[in-house]
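Chains, contacts and geometry: an overview
Chain by chain, the residues run as shown.
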Amino acid sequence: APHDAGSSAAALIGWVAVGEQRGVYLQALDDNGSAVDSPQRLSTLTNRSGSVAIAQGRDGAAVVYAVLTGSGQSEVRFRSIDDEGQASPAERSIAGGADKALSPAIAATPSGYVIAYRRIPPGASGEATLRLTYTDGQGNTARTRDVAPIEASGGPILVRAASDGRLVLAWSATDEEGERLHVITTQCL
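Residue positions are counted from 1 within each chain, in the order its sequence is given. Residues qualify for local features only when their pLDDT is at least 70, as the model is predicted, and side-chain atom pairs are given and counted only at 80 or more; totals for whole chains, interfaces and linings, by contrast, use all residues. Side-chain numbers here rest on the full set of heavy atoms in the structure, without hydrogens or water.

Along the chain, the position of R77 falls in strand 6 (residues 74-81). Throughout this description, buried means an accessible area under 20% of the type-specific maximum (1.4 Å probe, protein chains only), exposed means over 50%, and partly exposed covers the range between. Among the residues examined, R77 registers a relative accessible area of 11% and is labelled buried. Polar side-chain contacts of R77 include one of 2.8 Å to the side chain of E75. Contacts are residue-level and defined by heavy atoms, with any inter-residue pair within 4.5 Å sufficient. For R77, the contacting residues outside a window of four places in its chain are L45, V63, V64, Y65, V67, T69, E91, R92, S93 and I94. Secondary structure follows DSSP: runs of H or I at least 4 residues long count as helices, runs of E at least 2 residues long count as strands, and numbering of each begins at the N terminus. Any pair of N or O atoms that falls within 3.5 Å is considered a polar contact. Within protein, one atom must be able to donate a hydrogen and the other to accept it, and sequence-neighbouring residues count only if both atoms are side-chain atoms.

Below, the structure is given as C-alpha cells:
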C-alpha cells in the first residue's frame, strides 16, 4: 500500500510466514523499495489463508489480518500504522468469537476504515455472509452490517471506497460452472 510522501515509509507490505518464523509481518519501504528498519511482527498467530490487507487513511494507515487463535477460532485483527510505518502496539479484534471470520480486506473512508470479511456462523456449512465493519482510525467499531450471502470457501475479498460514497466489493468463488468473479456495490455508511 502506498504511504504518505512526507514520512520515511513510502509504502507498506504485509505477509504471513509459517514455520520457525511463524507470524504476521509488516514492512515499511522507502521510495526505492528498500526496507526501512526490520520487519515488524504483528502477531505470532497465523491463519492458513494468509490474509493481510493494508489501507492508507487520512492520518496514517491500518492493517487487518486473519489469525487462528489457540482455541481454534478464526478472527480478524486490526492495527493502526503511524506516518513512519510503525504499527501500534494495540491489536484490536474486529470479528471472531463464536463466528469464524476470514479473508479480511480494508479501505479508507472519510470517518476511518471499512473492513470486509467472510462471517461464518457456528454450524454453517458452505455458506457465509459478506460482513462490513466500520471503524474509526484506531479500530474502534462504529457499526457492523451484513451485505450479502457468499461462499464460505471463496477467494480473497477486495473492497474499495469510490469517490461518490459507494463501496465496491469483489471476490471469486468456484462452483460447478467453474470460477466466477462477483462484484457488488453498496453505499458506504
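So, about the sheet that holds strand 8 (residues 100-109). With antiparallel pairing, four strands are arranged side by side in an open sheet as 8-9-10-11. At either end of the open sheet lies a strand with only one pairing partner, and these are strand 8 and strand 11 (141-151). On average, each strand axis in the sheet is inclined to that of its neighbour by 20°, with strand direction left out of account. Note on pairing: two strands pair once DSSP finds at least 2 bridges between them. With seven bridges connecting them, strand 9 (residues 112-120) and strand 10 (residues 127-135) associate as antiparallel partners. Bridging across to strand 10, I115 finds its partner in T133. To obtain each axis, a line is fitted to C-alpha atoms, and for helices this fit is confined to the stretch in contact; angles are then taken between N-to-C directions over 0 to 180 degrees.

Let us now look at the packing of aromatic side chains. Geometry of aromatic contacts follows a simple scheme: Phe, Tyr and Trp rings, the Trp one being its six-membered ring, pair when their centres are within 6.5 Å, and the pair is stacked under 30 degrees between planes, edge-to-face over 60, tilted otherwise. Following the criterion strictly, the structure yields two aromatic pairs and no others. With a centroid separation of 5.5 Å and an interplanar angle of 15°, the aromatic rings of W15 and Y25 are classed as stacked. With W15 in strand 1 (residues 11-17) and Y25 in strand 2 (residues 23-29), the pair connects residues that are 10 residues apart, well separated along the chain. Accessibility expressed as a relative area gives 9% for Y25, which makes it buried.

Take the sheet that holds strand 6 next. Overall, antiparallel pairing links the four strands, which are arranged 4-5-6-7 in an open sheet. Only two strands of the sheet have a single partner each, and these edge strands are strand 4 (52-57) and strand 7 (92-95). On average, adjacent strands in this sheet sit at an angle of 30° to one another, irrespective of strand direction.

Turning our eyes to something else, we now look at the pattern of salt bridges. Within this document, salt bridges are pairs made up of a side-chain nitrogen of Lys or Arg and a carboxyl oxygen of Asp or Glu, the two lying within 4 Å of each other. Enumeration over the complete set of coordinates arrives at five salt bridges. For the salt bridge of R119 with D99, the shortest nitrogen-to-oxygen distance reads 2.8 Å. Of this pair, R119 sits in strand 9 while D99 is found in the loop between strand 7 and strand 8, placing the two residues 20 residues apart along the sequence. D99 shares its class with R119; the two are buried.

Our focus in this paragraph is the nonpolar core. Considering soluble globular proteins, one finds that nonpolar side chains tend to be buried as a cluster. Core analysis: the biggest nonpolar cluster contains 18 residues, and V114, A116, L130, L132, I157, V159 and L167 have the highest contact counts within it. Of all the secondary-structure elements, those providing two or more residues to this core are strand 8, strand 9, strand 10, strand 12 (157-161) and strand 13 (166-175). Beyond its immediate stretch of four places on either side in the chain, L130 contacts A116, Y117, R145, D146, V147, A148, I150, I157, L169, W171 and I184. Nonpolar cores are built from buried Ala, Val, Leu, Ile, Met, Phe, Trp, Tyr and Cys residues. Side-chain atoms within 4.5 Å join them into one set.

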